[in-house]
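# Understanding the architecture of this molecule
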Amino acid sequence: MADTQVIAKILEEDVPESGKLDFFGEAVCALKPAFREGYNAAAAEFRREKGRSLRSYLPAICGCDGIRGAENIPAVNEVEKPEALPGVIMSIKIGDYFFNRFLSKFTGKRYFERLELPVHPVFERAGLRDPNGEFHMFSVMPTVMLVDKKMLGGRPMPRRWSDLLDPAFAGDVALPAAHGAVSTLLPLTVLRDHGEAGLETLHRAVRCAMPSTDMIRGAGATLKGPAVYVVAWFFAKACPSPDAEIVWPEDGALVEPSFLLVQNGRREEYRTLVEFITGAGFGEVSAAHAYPAANPAVDNKLPAGAVFNWLGWEFIRSVPLEDRIAAVRSYFANLIV
């Protein structure tokens, strides 16, 4: 049986009964096919070198959050001991791994390797490098504004996120929503920069929250929609209307990271995985799908002068992020369409 067939069999049928994995890997939906192909090659090399197959779980569905998806794999918030975690964790959002219940149990205790890999200057300037050295951000999903020029009317084009707090945009902004929940990226950024008062102003600005696919179908194509859609760059670039303009804000596209955590002392053991995920090859594929890569050898084809707007490690670690997210989602829940 070919290596890739063996790996596929393991992934589909042989998740270890104990739930102990070598690798748990969430990939963004647009990159799942390319990621699976590269993973198969890395896993085949691992098998040749180590004489055993990787025990891995790669959720097929989008929206998976944490170590779950198979009946005998616990959710990450159910794991109590570091030895129960996979050797390598790859995840794609500000979620379980940034919540206090994970950070307090597993970070700052030398459970994870300091990869210390070189990163693209735009990542450095945004402060995406973890000062504790545990999370390695290898890619980001930028969120930008998609402005319907017909609905903008005589108002000036918004150029900064704070422009959306102007009374002129009251009731004229759409936030992204998926799986029945509002994206908290912009609300959390406004909370960080403008406090509770800013969050209240943003709530007045938001008309609705909707799936990103509905945004790009509606922007520039209807006279009933809002003027500004807050949407991932990946989706914004797919909008077909010439009346919809992408604005990369001057204070930076909001970014949600894709990252690695590697158990301490096991970097060499999982070298093939780490090199594939952080390498220029997969980075080029990621960048081609509008997910800029941290590898400095990759040309991310960003707009001139583009910067990232990252929530920041201090914001994430200063107050339990799960509490902030729950409060924001509750506050904006009535706006989901």
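Presented here is a report on the structure given in the accompanying data block. Here the structure is a predicted model, which is why all the values come from computation and not from measurement.

The subject of this paragraph is the packing of aromatic side chains. What the rule picks out here adds up to 26 aromatic pairs. For the pair F46 and Y270, a centre-to-centre distance of 6.1 Å together with 10 degrees between the ring planes defines the contact as stacked. Here Y270 lies in the loop between β10 (253–262) and α9 (271–278) and F46 lies in helix α2 (residues 32–50), a separation of 224 residues in the sequence. Like Y270, F46 is buried. The interplanar angle of 70 degrees and the centroid separation of 5.3 Å between the aromatic rings of F135 and F259 together place this pair among those described as edge-to-face.

Within the structure shown, the criterion is met by two cavities of 30 Å³ or more. Within this model, the largest cavity holds a volume of roughly 60 Å³. Lining the largest cavity are E26, A27, V28, L31, M90, I92, F138, S139, S258, F282, S286 and Y291. Grouping the amino acids of the lining of the largest cavity by side-chain chemistry returns eight nonpolar, three polar and one charged. Estimated volume of the second largest cavity: approximately 40 Å³.

Quick look at α9 now. Taking burial as the measure, the eight residues of α9 include six buried ones, the bulk of the element. Within α9, the full set of buried residues consists of T272, L273, V274, F276, I277 and T278. Summarising the contacts, the buried residues of α9 are in contact with β1 (23–25), α2, β3 (88–91), β4 (136–148), β10 and α10 (280–288).

Approximately 1000 Å³ is the volume found for the largest pocket. Taken together, 37 residues make up the lining of the largest pocket; nearest its centre are K93, M141, A178, H179 and E256. Here the lining of the largest pocket takes four residues from helix α12 (residues 321–332), the largest share from any one element. Tallied by class, the residues present in the lining of the largest pocket amount to 24 nonpolar, eight polar and five charged.

Parameters and conventions
- Residues numbered from 1 in each chain as written.
- Predicted model: local features only at pLDDT ≥ 70, side-chain atom pairs only at ≥ 80, totals over all residues.
- Heavy atoms only, no water.
- Phe/Tyr/Trp six-rings, centres within 6.5 Å; stacked < 30°, edge-to-face > 60°.
- Helix = DSSP H or I, 4+ residues; strand = E, 2+ residues; numbered from the N terminus.
- Buried < 20%, exposed > 50% of the residue type's maximum accessible area, 1.4 Å probe, protein only.
- 1 Å grid on protein atoms, 1.4 Å probe; cavity = no way out; pocket = protein on both sides within 12 Å on 5 of 7 lines; lining within 4 Å.
- Points joined across faces, edges and corners; volume = space filled by probe spheres on them.
- Nonpolar A, V, L, I, M, F, W, Y, C, P; charged D, E, K, R; others polar.
- Contact = heavy atoms within 4.5 Å.

Limitation: the analysis is restricted to geometry and does not speak to function.
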